[in-house]
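Residue-level structure breakdown
Take a look at the letters that make up each chain.
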Amino acid sequence: MQVVSSKEALSLPDGETVIVRGWVYRKREFKDKIFVLLRDREGIIQLVFPQQIPESQIARKLNIESSLIVEGMVKSDVRAPGGKEIHVSKVLWYFIGEPFPINEYAAQADSEYLLDVRHLWIRSRKMWAILRVRHTVFEAIHEYFRSKGFYEVHCPIFVSSAVEGGATLFKVRYFDREDVYLTQSAQFYLEALIFSLERVYTIAPSFRAEPSRTRRHLTEFWHAEAEMAWAGMRDVMRVSEELITHVVRKVLEDRLEELSLLKRNLEKLELVKPPFPRVSYDEAISMLNSMGLDIKWGADLGADEERALTQKFDTPIHLYGFPSVAKAFYHKDYPEDREKPLWERRTLSVDVLAPEGYGEIVGGGERIEDPEELRRKIREFGLKEEDYQWYIDLRKYGSVPHAGFGLGVDRLVMWICGLDHIRDSLPFPRDIRRVRP
RNA sequence: GCCGCCGUAGCUCAGCCUGGUAGAGCGGCGGGCUGUUAACCCGUAGGUCCCGGGUUCAAAUCCCGGCGGCGGCGCCA
C-alpha cells in the first residue's frame, strides 16, 4: 500500500486504494457521514467517513489540526473539492488535538494575535502559499547566479566594524574581548572575494538595529548580495534586472496555485521584463517637482517620493546617480564630478524600486577602486581610516573596477506575493518589538 | 527618535462620546440535520472590561500615571 500526497491522490484513477496522512483542515458532521478536509504539504483532499464503520467514532473526535493517517479508496465526485475524495476504510494512526486557537475571524483581522501564535499560524493556507513562493524565490536566485558563473560564498555574521556609516549595529559579547557586531551586509567580504573568484554571490541574513516601525523593515532580513570584478554601474543594472525577471518568471511557472490563493494580480507580474526603465536621480527630481512635490537636489527620496515615482511605471525601475551625500562612502563618484565639492557630486549608484508602491528592493553600484580616492571619501564622511584598514588594503594589491548590489529577498517575496506587510514574507519575523516565537 | 491609534470571553469585535453592575459572532460543549465547501439550526458554559491611582452615591465608560501592542515618518534591503 503506497502513501500518497493529497495532490497525487487527486490524480489517481477511481478505485485505487491509498494511504494519505496530514492534518484536519475542516470537519463537517452529518447523520450518515463525516467529511474531513485533510491538509498536507501539497494541498487539501476530502476524506469521507461513513457513519457505519467503527472508524467514524475516531472521526467524530477529530478537532481542527488533529493529525491522522488513513487508508481508503479514491472516488470521483463533482461535489468534492478538487473533484475527487477518499472513502476511508481504516484509520491507521491518529492524534486528537486540543481545540485549535486560531479561527477565520482572527485570520481575516490579520491581528497581532496571529503574531503571538505564529508557530501555529504558519500552518495556515496563506502562510503555506507564501512559504512555497519563498522557497521558489530562493531557488531561482541560486539558479540565476550559478547559471551566470557566480560562485556562492559564505561570509561571517560576527563582524568587528560597520559597513554603512549611519546604520546601527547589534552588539554581541564575544568571550572576554571587545564586543563584536552582527553583520549588516556581506558586501566588504564579497569585495575581498572578487580578487579570488571574480564573480561571487551569497544569500545570508543581515541585521539592522534601526528602530524602524514600517511594513517594509525587519531587524533580521535575508540579503542576496553579489559582487563583480571588471564591472560597473551598468552591469549592476543588467544583472539585477535579469535576476529579478528570472525569479518572477520562475514563480509564475511553478507557483500559480499559491499566487491565486494569495489573490495576487498576475498581470502585474507578467509585465516584468528587461530592460527596466532607467531614471536618473536628476530626472526623478524634476519629475517629482512637476508632480507638485517640493524636493531639493541632494535629499534622499522618502517613502512618499518613491511611491509617487513608481506609480508612473508598471514595472520595476532603476533609479541611479544619487548624490554622494545621500549614499554610503564606498560608492564611486561620477568621474566628471570629481573636482566638485562633496555636496555637488553624484555617485555611480543604483537602486531598483518595485512597482505598486513596494519601493526599494535593491541597492548597489560601482565601488571606489582607487585607494587614495577611498581614503579621501572616508575623511570627507568624517569616518576613521583605521576602522577600514583591511577594506582599504584590498585596493593596494591589483585593484580592479568592480560593482555589486544587495537584494532584500523578503521585500522581493513581499512584492511578488502582493503582501501588506514584510513580516508575512517569512515564517518567524524579527522586528523592533518581536523576537518570539 | 518623532507622530497617531488601540487594550472588554479562547479569537474577532460592539458597548465608552452622553457613568447605573457585561453583549454579539466565531470557537468549545450537548443535541438536531440525506453531500458539506468558512455548512446550517437549537441549546449551553465561558469575563481581573491591561495595571495602579483619582473624581463620583455609582466607573468598562470621565481624569492622571504606568505597562503592553499596532500603524505611520525618518533610516534602509
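Up top you'll find the structure we're talking about.
All of the points below concern the structure found in this document. Note that the coordinates shown come from a computational prediction; the quantities given were computed from them, not determined experimentally.

Some details on the protein's contact with RNA strand B
Close to RNA strand B lie 52 residues, the nearest being Arg28, Arg79, Arg208, Arg215 and Arg423. Considering RNA strand B, the proportion of its atoms within 4 Å of the protein that are sugar or phosphate atoms stands at 52%. The backbone of Arg79 places a nitrogen or oxygen atom 2.5 Å from a base oxygen of RNA strand B. Between RNA strand B and the protein, one listed contact pairs a base oxygen with a side-chain N or O atom of His217 at 3.0 Å. Contributing elements (two or more residues each) for the surface near RNA strand B: β1 (17–29), β2 (33–40), β5 (84–95), α3 (104–109), α4 (112–116), β11 (220–229), α12 (303–310) and β15 (359–367). By residue number, the principal contributor to the surface near RNA strand B is α3, which donates 5 residues. Here the residues of the surface near RNA strand B sort into 16 nonpolar, 13 polar and 23 charged.

Observations concerning the environment of His331
When you line up the elements, His331 lands in the loop between β13 (317–320) and β14 (349–354). A relative accessible area of 5% places His331 in the buried class. For the pair His331 and Glu210, spaced 121 residues apart in sequence, the C-alpha separation works out to 22 Å. Among residues more than four places away in sequence, those in contact with His331 are Thr347, Ser349, Gly364, Glu366, Arg367, Ile368 and Lys377. Within the local environment of His331, its side chain forms a polar contact with the backbone oxygen of Ala328, the two atoms lying 3.3 Å apart.

About the thresholds
Residues numbered from 1 in each chain as written. Chains lettered and ligands numbered in written order. Predicted model: local features only at pLDDT ≥ 70, side-chain atom pairs only at ≥ 80, totals over all residues. Heavy atoms only, no water. Near = heavy atom within 4 Å. Polar contact = N/O pair within 3.5 Å; in protein donor to acceptor, adjacent residues only side chain to side chain. Helix = DSSP H or I, 4+ residues; strand = E, 2+ residues; numbered from the N terminus. Nonpolar A, V, L, I, M, F, W, Y, C, P; charged D, E, K, R; others polar. Buried < 20%, exposed > 50% of the residue type's maximum accessible area, 1.4 Å probe, protein only. Contact = heavy atoms within 4.5 Å.

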